[in-house]
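Descriptive structure summary
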Amino acid sequence: MHLTFRQLQVFECVARQRSFTRAARELHLSQPAVSMQVKQLENAVGLPLFEQLGKQIHLTDAGEVVLGLSRRVDGELREAMEAIEALKGVESGRLRIAVATTVNYFAARLLSRFCSQYPRVRVSLDVTNRQAVLHRLEENSADIVLMGQPPAGLDVEAEHFMDNPLVVIAPPNHSLVGRRRVPLAALAQETFLIREPGSGTRSAMERFFAEKGITPRISVEMTSNEAIKQSVEAGLGLGVVSKHTVELECGAGRLEVLDIKSFPIRRKWFVVHRQGKRLSSAATAFREFVLNEAKQVTRRGKSRKRHH
Ligand code: PGA
C-alpha cells in the first residue's frame, strides 16, 4: 500500500472541514490538488473515504478508520519532533565530561556556574588520569574532555584554554623554602613523591628530569594530587604538581612552591572532542563556557599581577 503522510494530512483537513474547498483554503492548495491527494489515498486504500449526500460530504467507514490512523500518526510525529527538539536544546540535554585530575580544580568551579545557568542539563563528570581520559576519547564515551596535550594519534579537535604550570612543592619548614633561583641540580639530593603511571603530570615530570639529566630519588607512588599534597605536607618528600591544585594550601601556609631554575614545567590544558563528533547543544554550550571562563580567569590573574 503506497500512502504518504502528506496524503493523510490533506485527508484529515478535508474530513475536519467537511469540504474540499475549505480544506484547499486552509492548506493553501488548489481544490484539484486537494482532490488529487484524496483520490490517490483512496486508490491506495482501495475504498472510497468520502460520500456525497446532498451538498455535504461524509466519511465512509473506511474514511473513519483512515482518519483515526492519520490522527495517531500525526500525534506520534509531533511527540517525536518534541523529543528531537529537546535533544537539540541546551535546556534538557545530557552532558558527559571527562577531565584530567589536575583540571578538576578549575572544572569544579566552572561546573557550578554552568549548572546554575542550565539547571536541567544532566551532567556526569569523570575525574581521572590522562591515560583514562584518552581511553574515554577513544571509545567515544565522553562528549567533551579537558586534558593536557592531546594525543597525536587520534583525530581530535583541541583548543588550548589555559596554562597549566607544574611546580615543585615542599612543606613550609623545608630548607629550600625562601631561597631564590635555586639551581636545578639541588633537586638531585631530594626525594620525590610521584603520581601513578598513566598520569600526565608524572610523564611530564619524568620527561623534564630526563631532559635536564637529573635523577631525583623517588620514594612513594600515589594515585592522586590530594595524596601527594598531604604527604608533602607531612614531610614525606617533595612533589611536582599543577600550580592550580595547590592554591588553597599555599594560601593557608601549609605548602610552599619552591623557586627552582627552569621551573615551572610549562604545560597547557585543552578542551577536546573527537573530530566529526556531532556535539549536542549542551556540549557546545559547555565548550564555549570553558573557553570564556578561562579567558576571564586569565584576565583576572593578569590584572592581579599588575596590582602587586
Ligand atoms: P594527570 O593530569 O596527571 O591526572 O594525568 C595531567 C593532565 O593535565 O593531563
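Reference entry: report on the structure contained in this document. (Residues numbered from 1 in each chain as written. Predicted model: local features only at pLDDT ≥ 70, side-chain atom pairs only at ≥ 80, totals over all residues. Heavy atoms only, no water.)

Notes on the pairing of strand E5 (residues 144–147)
Note the threshold: The rule is simple: take the accessible area with a 1.4 Å probe, protein chains only, and divide by the maximum for that residue type; under 20% is buried, over 50% is exposed, in between is partly exposed. A run of H or I in DSSP becomes a helix once it reaches four residues, and a run of E becomes a strand once it reaches two; helices and strands are each numbered from the N terminus. Here the rule is simple: two strands pair whenever DSSP picks up at least two bridges between them.
Neither face of E5 is left uncovered, since the one carrying Ile144 and Leu146 and the one carrying Val145 and Met147 both have all their residues buried. As paired elements, strand E3 (residues 94–100) and E5 share 3 bridges and run parallel to each other. Bridge pairing links alanine 98 to valine 145 in E5. Both E5 and strand E12 (residues 268–274) contribute to a ladder of 3 bridges, which runs antiparallel. Pairing of methionine 147 across the sheet is with phenylalanine 270, part of E12.

With respect to helix H1 (residues 5–17)
Threshold: In a helix, the anticipated span is given by 1.5 Å times the number of residues less one.
Spanning 13 residues, H1 covers 18 Å between terminal C-alpha atoms, matching the ideal 18 Å at 1.5 Å per step. Those residues of H1 that sit buried are Gln7, Leu8, Val10, Phe11, Glu12, Cys13, Val14 and Ala15. Just beyond H1, the residue with positive phi is arginine 18, at close to 55°.

What to know about the packing of helix H2 (residues 20–27) against helix H3 (residues 31–45)
Spelled out, the test is: Here the axes come from fitting lines to C-alpha atoms, over the contacting stretch only for helices, and the angles between their N-to-C directions go from 0 to 180 degrees. Just so you know how the angles are binned, under 35 degrees is roughly parallel, over 145 roughly antiparallel, 65 to 115 roughly perpendicular, and the rest oblique. Here, two residues are considered to be in contact whenever any of their heavy atoms come within 4.5 Å of each other. Amino acids are sorted into nonpolar (Ala, Val, Leu, Ile, Met, Phe, Trp, Tyr, Cys and Pro), charged (Asp, Glu, Lys and Arg) and polar (every other residue, Gly among them).
Across the interface, H2 lies against H3 with an axial gap of 8 Å and an inter-helix angle of 105°. Regarding the angle of H2 to H3, the classification is roughly perpendicular. Of the residues in H3, those touching H2 at Phe20, Thr21, Ala23 and Ala24 are Gln31, Val34, Ser35 and Val38. Class assignment for the residues of the contact of H2 with H3 results in 5 nonpolar, 3 polar and no charged.

Considerations on unusual backbone geometry
In this model, phenylalanine 263 is joined to proline 264 through a cis peptide bond whose omega is 0°. Among the structural elements, proline 264 can be located in the loop between strand E11 (256–257) and E12. One non-glycine residue with positive phi stands out, namely arginine 181, at about 45°. Tracing the backbone through its elements, the reader meets arginine 181 in the loop between strand E7 (166–170) and strand E8 (191–195).

Details of the sheet that holds strand E9 (residues 217–222)
Ordered by their spatial adjacency, 5 strands build an open sheet running E9-E8-E10-E7-E11, and the pairing between neighbours is mixed. Strands at the two margins of the open sheet, each flanked by one partner only, are E9 and E11. Relative to strand E10 (residues 238–242), E8 runs parallel, the two being bridged by 2 bridges. Directly across from phenylalanine 192, in E10, lies its bridge partner leucine 238.

A short note on the sheet that holds E12
The 5 strands lie next to each other as E4-E3-E5-E12-E6, forming an open sheet whose pairing is mixed. In this open sheet, the two edge strands, each paired with only one partner strand, are strand E4 (122–128) and strand E6 (156–163). Across the sheet, the axes of successive neighbouring strands diverge by a mean angle of 20°, strand direction being ignored. In this structure, E3 lies alongside E4, joined through 7 bridges in parallel fashion. Within E4, the position partnered with valine 99 by the bridge is valine 127. Packing against the sheet, helix H6 (residues 130–138) makes contact with E3, E4, E5, E6 and E12, and its axis sits at approximately 155° to E5.

Remarks on the packing of aromatic side chains
To keep things clear, this is the line we draw: Paired rings are identified among Phe, Tyr and Trp, the last through its six-membered ring, by centres lying within 6.5 Å, and are further divided according to the angle between planes into stacked (under 30 degrees), edge-to-face (over 60) and tilted (the rest).
Overall, the coordinates contain 12 aromatic pairs when judged by the stated rule. Aromatic pair phenylalanine 20 and phenylalanine 50: ring centres 5.7 Å apart, planes at 70°, arrangement edge-to-face. Residue phenylalanine 20 is located in helix H2, and its partner phenylalanine 50 is located in strand E1 (residues 50–53); the two are separated by 30 residues in the primary sequence. Residues phenylalanine 20 and phenylalanine 50 agree in their burial class; the two are buried. Taken together, the ring pairs in this structure connect Phe114, Tyr118, Phe286 and Phe289 into an aromatic cluster.

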